[in-house]
Amino acid sequence: MSQTVTLRIYRRDPDLDAAPKYQNYQIELTPGLTVLMALYHVLENVDKTLAFRASCRSAVCGSCGMHINGKNMLACETQLAPLGNEVLIEPLPHLPVLKDLAVDMTRFWDKYEKVRPYLIALKAPPPSGKERLQSVEDRKKIDEFIDCILCACCHTSCSTAWWDKEYLGPAALAKMYRFVADSRDEGGAERLQIAAREDGVFRCHTIFNCTEECPKKIPITFGIQEIKKRVLWGKLAGRM
Amino acid sequence: MPLTKHTVYPGRGLGMWAFWLHRLTGLAIAVYLLMHILVISTVVGGAGNFNEAMKFLKAPIFILLEMGLLAIILIHGFNGARIVLFDLGYGVKKQKPIFIALMALAIIPFVIAFAVALPHIFV
Ligand code: FES
């Protein structure tokens with residue numbers, strides 16, 4: 001006997017609707033059906049006006065972050081069956097909605113840019129002309145943080161980021177830590193100056209929502225606190 | 001509840017509960033401080049006034065309330081230590097066991113204080 005699931009989806013076109021509405025779609029449960037596949041099923045067979053973002057379908061691109069049954073997660077790697085008979089699907093919270101499940105990520109990217117999310121190398125490249133080498137131990141230090149796919153699940157679950165629009169937020173700071181902890185990066189001092197600002201690491205109240213919601217299980221709060229520690233001791237020692 | 005109704009992210013992790021507990025106990029302590037100042041200020045009306053207030057506050061119900069206050073201060077204080085620890089960069093990856101351990105530790109002074117207060121509550 002086939003089982004059906006009700007998808008309760010947030011719908012809003014800001015140009016037409018003043019307030020969002022929730023629309024129900026019945027869908028037949030098939031083995032291995034993910035939330036994203038269910039959304040595609042609705043788009044292709046039931047309602048062509050449904051808007052959402054996705055690309056890789058394999059938890060790599062970070063496009064499909066959504067708020068599913070009260071939790072931020074990736075639609076493409078989430079199985080529908082364990083979520084119950086009625087599944088509530090909403091856009092990532094606290095970012096402006098462009099349409100339905102697609103949010104405006106401008107604010108997120110602006111902050112990402114602020115932490116200078118690339119290797120800052122001051123020294124000349126090695127004489128071999130090849131890559132800058134790193135020991136296995138040094139690489140281990142950034143293993144977890146390299147996994148970030150910029151899906152914004154952390155950023156949009158951070159209570160401080162909800163209340164303080166200027167706060168850099170967990171995603172940008174996790175990226176900063178990825179470079180601060182990288183033995184090849186030489187932008188450390190400059191990065192810590194950015195982190196020490198009013199809108200930087202000290203806005204983090206260690207609520208751990210970011211760490212809870214990260215689909216890649218990155219210990220984001222740990223990274224933020226590591227930067228905090230470096231700034232704190234740097235200031236106390238008069239180094240910055 | 002749909003997300004559009006929320007003003008705070010509906011996080012369900014232990015860290016979010018600790019955060020709420022810290023804000024609420026902090027507010028309660030601030031309210032207590034106001035009441036405390038109010039009581040102490042009766043001294044302005046002379047020693048008699050103040051003694052009168054003190055006698056009134058010896059009633060068992062106030063001792064019981066003070067136990068509540070103690071619990072609130074212990075939670076806030078012990079969790080505060082946890083936050084300081086994290087801000088110095090220690091134990092962040094062990095946040096959950098640290099929270100549980102500190103709350104368990106906070107029970108000890110509470111039980112001692114309760115034992116001392118018991119005869120004053122049930123007179
Ligand atoms: S579609 Fe790429 S992460 Fe989900």
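Above: the structure in question.
Residues numbered from 1 in each chain as written. Chains lettered and ligands numbered in written order. Predicted model: local features only at pLDDT ≥ 70, side-chain atom pairs only at ≥ 80, totals over all residues. Heavy atoms only, no water.

A. Seen up close, the overall build of chain A. Of the regular secondary structure elements, chain A holds eight helices and seven strands. Projected onto its principal axes, the C-alpha coordinates of chain A cover approximately 65 × 40 × 30 Å. When the 240 residues of chain A are sorted by exposure, 51% land in the buried category. The long-range fraction of contacts in chain A, counting pairs at least 24 apart against all pairs at least 6 apart in sequence, stands at 62%. With an accessible surface of roughly 11400 Å², chain A has 54% of that area assigned to carbon and sulfur atoms. (Helix = DSSP H or I, 4+ residues; strand = E, 2+ residues; numbered from the N terminus. Buried < 20%, exposed > 50% of the residue type's maximum accessible area, 1.4 Å probe, protein only. Contact = heavy atoms within 4.5 Å. Areas by Shrake-Rupley, 256 points an atom, 1.4 Å probe, with all protein chains shown as cover.)

B. Structural context of a nonpolar patch on the surface. Residue and element names in this part refer to chain B. Taken together, I61, L64, L65, F114, L118 and F122 make up a surface patch of nonpolar side chains, about 580 Å² in accessible area. Counting residues per element, the ones that place at least two in the nonpolar patch are helix 3 (60–87) and helix 4 (95–121). Per-element accounting of the nonpolar patch gives the leading share, three residues, to helix 3. With respect to the helices and strands, the residue I61 is situated in helix 3. (Patch = residues over 30% accessible without salt bridge, like charges linked within 9 Å, V, L, I, M, F, W, Y side chains within 5 Å. Salt bridge = Lys/Arg side-chain N within 4 Å of Asp/Glu carboxyl O.)

C. Region of the structure containing the packing of helix 1 (residues 14–40) of chain B against helix 3 of chain B. All names here are of chain B. Where helix 1 meets helix 3, the closest approach of the two axes is 9 Å, and the angle between their N-to-C directions is 130°. The orientation of helix 1 with respect to helix 3, classified from their angle, is oblique. Crossing hand, helix 1 versus helix 3: left-handed. Within the contact between the two elements, helix 1 uses G15, A18, L21, H22, T25, G26, A28, I29 and Y32 and helix 3 uses L69, I72, I73, I75, H76, N79, G80, R82 and I83. When the residues that make up the contact of helix 1 with helix 3 are grouped by side-chain class, the tally is 10 nonpolar, seven polar and one charged. (Axes fitted to C-alpha atoms, helices over the stretch in contact; angles between N-to-C directions. Parallel < 35°, antiparallel > 145°, perpendicular 65-115°, else oblique. Left-handed = near helix turned anticlockwise from the far one by under 90°. Nonpolar A, V, L, I, M, F, W, Y, C, P; charged D, E, K, R; others polar.)

D. Structural view of the sheet that holds strand 2 (residues 21–28) of chain A. All names here are of chain A. Taken in spatial order, the five strands of this open sheet run 2-1-5-3-4, and their pairing is mixed. Sheet topology places strand 2 and strand 4 (71–74) at the edges, where each strand pairs with a single neighbour. Within this sheet the neighbouring strands show an average axis-to-axis angle of 35°, counted without direction. The sheet contact formed by strand 3 (residues 65–68) and strand 4 spans four bridges and is antiparallel. Note on strand 4: the bridge partner recorded for I68 is K71. (Pairing = 2+ DSSP bridges.)

E. Geometry of the interface of chain B and chain A. Each partner contributes residues to the interface: chain B has 27 residues there, and chain A has 34 residues. Surface buried jointly by chain B and chain A totals about 2300 Å² across both partners, of which 62% is contributed by carbon and sulfur atoms. Of all residues in chain B, the largest losses of buried area upon contact with chain A belong to L3, Y9 and K93 of chain B, amounting jointly to 29% of the total for that side. Joining chain B to chain A, the criterion identifies three salt bridges. A salt bridge links E212 of chain A to K96 of chain B, with the nearest nitrogen and oxygen atoms 3.0 Å apart. There are 10 residue pairs in polar contact (both at pLDDT 80 or more) connecting chain B and chain A. At the level of elements, helix 1, helix 3 and helix 4 of chain B are the ones that each hand at least two residues to the side of chain B that touches chain A. At five residues, helix 1 of chain B tops the list of elements feeding residues into the side of chain B that touches chain A. Here the side of chain B that touches chain A is built from residues that sort into 13 nonpolar, eight polar and six charged. (Buried area = accessible area lost by both parts, 1.4 Å probe. Polar contact = N/O pair within 3.5 Å; in protein donor to acceptor, adjacent residues only side chain to side chain.)

F. Representation of the packing of helix 3 of chain B against helix 4 of chain B in the model. All names here are of chain B. For the pair helix 3 and helix 4, the least separation of the axes is 9 Å and the interaxial angle reads 155°. Taken together, the axes of helix 3 and helix 4 lie roughly antiparallel to each other. For the pair helix 3 and helix 4, the crossing hand works out as right-handed. Here the contact of helix 3 with helix 4 is composed, by residue class, of 23 nonpolar, three polar and one charged.

G. Quick look at the pattern of salt bridges. Residues and elements named next belong to chain A. Counted according to the given criterion, the structure contains 19 salt bridges over all chains. The partner of R116 in a salt bridge is E190, with the nearest N and O atoms 2.0 Å apart. Residue R116 is found in the loop between helix 2 (106–114) and helix 3 (136–146), and its partner E190 is found in helix 6 (residues 188–196); the two are separated by 74 residues along the sequence. On the accessibility criterion, E190 (35% relative accessible area) is partly exposed. Via salt bridges that share partners, R11, D47, K99 and D100 belong to a single interconnected network.

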